[in-house]
Amino acid sequence: MLTPKDGAALLVLTTNRLPGERLRFITCEAVLDGNNDFGVNQLKLESSKWLREGVAPDEVHSFTWTFEPGVELKFSAKPDADGVDLKYVVTNRTTKTLERVLVHPCFQSMGAPSFFPGTAAQAADDASGRKARTGLRDYSELHERLFLWSEGEPFAFAKSQLSKHEPHLAFLARGEKEIAWGWWQNDSRRFDEPWIALRSKDKKKVLGLTFERAAWASANTGDGRACFHLFGAVGRLAPEARGEVKGRIWLLDGDLTAFARRAAAATELEPAAGARAKPKK
């Protein structure tokens, strides 16, 4: 079930497979043109801005938002049994060519004790959770369970030497030009697959985010959101041109190998640049 949050670009995902837990997905924190953004956390969507078509389990939630000076975003989300299909359509209504358009969603582990790097009390996304997290600044255990793929094999964020002290750790896709934006610190290692996956603490479930094309991945372990990100790559847009990138949220039973097989089989996935390595059987 998807529930939009009034006043935000946030969808709350609930499922009987995670009783009492709430998966918090910020559909778009920013749209970027390479190293430049059109405003961070600008999307303040009143409930009337969210459109809902159809009925469960086939309902589609969508919105349209225009960033100054004229970058239009259309977003839609459709849930199914083990995930949510996502679609981002960006139209360049400015007078300048946008060379490298990226969409920046955010997946928070707060609200989901199965995935949050802390106690169940600290994971709560309410006043009691804020109280339980008072004084806690290190959520880096998330790095141990957060994975990208290189040469057909998963690697954890914790494999980076930067993870020992950097709460804003990022990785670029192989073949991508450097991105220097915000507080993110890039590791030298590159990923091949446009996937990011968070393993549950009991190792029985995987929460994943995939795109057709992805340029960048990151995690914030410095505050209670304990969140991770994958930047979908739309590409170059001339004035009045439109581009799109499709993605998917996954909640699967099983291990990382099962997730990789499902992700590879479900969609024709391509990284933003370079050849994609096939996951090993």
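Scroll up to find the structure this text is about.
Residues numbered from 1 in each chain as written. Predicted model: local features only at pLDDT ≥ 70, side-chain atom pairs only at ≥ 80, totals over all residues. Heavy atoms only, no water.

Colleague: Mind showing me how you'd approach the pairing of strand β2 (residues 10–13) here?
Modeller: In the case of a regular strand, side chains alternate between the two sheet surfaces. Judged by which residues are buried, β2 turns out to be covered on both faces: Leu10 and Val12 on one side and Leu11 and Leu13 on the other are all buried. Sheet topology places strand β1 (residues 2–4) next to β2; three bridges connect them, and they run antiparallel. Across the sheet, Leu2 pairs through a bridge with Leu13, a residue of β2. From the end of β1 to the start of β2, which pair antiparallel, there are five residues, and Gly7 there has a positive phi angle of about 85 degrees. (Buried < 20%, exposed > 50% of the residue type's maximum accessible area, 1.4 Å probe, protein only. Helix = DSSP H or I, 4+ residues; strand = E, 2+ residues; numbered from the N terminus. Pairing = 2+ DSSP bridges.)

Colleague: What exactly am I supposed to notice about the state of the cysteines here?
Modeller: Formally, a disulfide is one covalent bond, and it connects the sulfur atom of one cysteine to the sulfur atom of another. Under the counting rule described, the total for this entry stands at zero disulfides. Not engaged in a disulfide, the cysteine Cys28 finds its nearest cysteine sulfur in Cys106; these two sulfurs lie 11 Å apart. You can call Cys28 buried: its relative accessible area is 2%. Unpaired in this structure, Cys106 has its nearest cysteine sulfur neighbour in Cys227, at a distance of 3.8 Å. Look at Cys106 and you get buried, because its relative accessible area is 1%. (Disulfide = S-S within 2.5 Å.)

Colleague: Just checking my understanding: could you explain the pairing of strand β3 (residues 23–33) for this structure?
Modeller: By the criterion of burial, β3 is predominantly enclosed, with eleven of the eleven residues buried. The sheet contact formed by β2 and β3 spans four bridges and is antiparallel. If you follow Val12 over to β3, its bridge partner there is Arg24. By the bridge criterion, seven bridges tie β3 to strand β9 (residues 98–108) in an arrangement that is antiparallel. Residue pairing for β9: Asp33 is matched across the bridge by Val101. Sheet analysis places β3 next to strand β4 (residues 36–37), joined by two bridges and oriented antiparallel. Paired with Leu32 across the two strands is Asp37, which belongs to β4. Where β3 folds back on β4, the antiparallel hairpin that results is connected by two residues, among which Gly34 adopts a positive phi of roughly 65 degrees.

Colleague: Please clarify how the sheet that holds strand β10 (residues 146–150) should be interpreted in this entry.
Modeller: Across the sheet, which stays open at both edges, the nine strands sit in the order β5-β6-β7-β8-β18-β15-β14-β10-β11 with antiparallel pairing between neighbours. Sheet topology places β5 (51–53) and β11 (153–156) at the edges, where each strand pairs with a single neighbour. Strand after strand, the sheet turns through a mean of 20 degrees between neighbouring axes, direction not considered. Alignment of strand β8 (residues 83–92) against strand β18 (residues 242–253), held across nine bridges, turns out to be antiparallel. By the bridge assignment for β18, Asp85 is matched with Arg248. The sheet strands contacting helix α4 (residues 256–266) are β10, β11, β14 (195–199), β15 (205–211) and β18, and the helix crosses β14 at an angle near 150 degrees. (Axes fitted to C-alpha atoms, helices over the stretch in contact; angles between N-to-C directions. Contact = heavy atoms within 4.5 Å.)

Colleague: Help me understand the packing of aromatic side chains in this model?
Modeller: For any pair of aromatic rings, geometry is given as the distance between the ring centres together with the angle between the planes. Applying the stated criterion to the full structure yields 17 aromatic pairs. Relative to Trp184, the ring of Trp183 lies with its centre 6.2 Å away and its plane at 90 degrees, an arrangement referred to as edge-to-face. The class for Trp184 is buried, based on a relative accessible area of 10%. Three or more aromatic residues joined by ring pairs make a cluster, and in this case those are Trp50, Phe63, Phe75, Tyr88 and Phe211. In this structure, Arg248 is placed above the aromatic ring of Trp250, and the distance from its NZ or CZ to the ring centre is 4.3 Å. (Phe/Tyr/Trp six-rings, centres within 6.5 Å; stacked < 30°, edge-to-face > 60°. Lys NZ or Arg CZ within 6 Å of the ring centre and 35° of its normal.)

Colleague: Sorry, what's going on with the pattern of salt bridges here?
Modeller: Here the idea is simple: oppositely charged side chains can pair when their charged atoms come close. Under the defined criterion, the tally for this structure stands at 16 salt bridges. A salt bridge links Asp223 to Arg225, with the nearest nitrogen and oxygen atoms 2.7 Å apart. Each of Asp80, Asp82, Asp85, Arg248 and Arg262 takes part in one network of salt bridges that share partners. (Salt bridge = Lys/Arg side-chain N within 4 Å of Asp/Glu carboxyl O.)

Colleague: Can you help me understand unusual backbone geometry in this one?
Modeller: Where the residue is not glycine, phi is negative for most of them; where a peptide bond is considered, it is trans in most cases. A cis amide bond links Glu68 to the next residue, Pro69, at an omega of 10 degrees. Along the chain, the position of Pro69 falls in the loop between β6 (60–67) and β7 (71–80). In this model, Lys203 sits at a positive phi of 65 degrees, which is unusual for a non-glycine residue. The topology assignment puts Lys203 in the loop between β14 and β15. In this structure, Glu240 takes a positive phi of about 70 degrees despite not being glycine. One can find Glu240 in the loop between β17 (227–237) and β18. Taking the relative accessible area as the measure of exposure, Glu240 reaches 51% and is therefore exposed.

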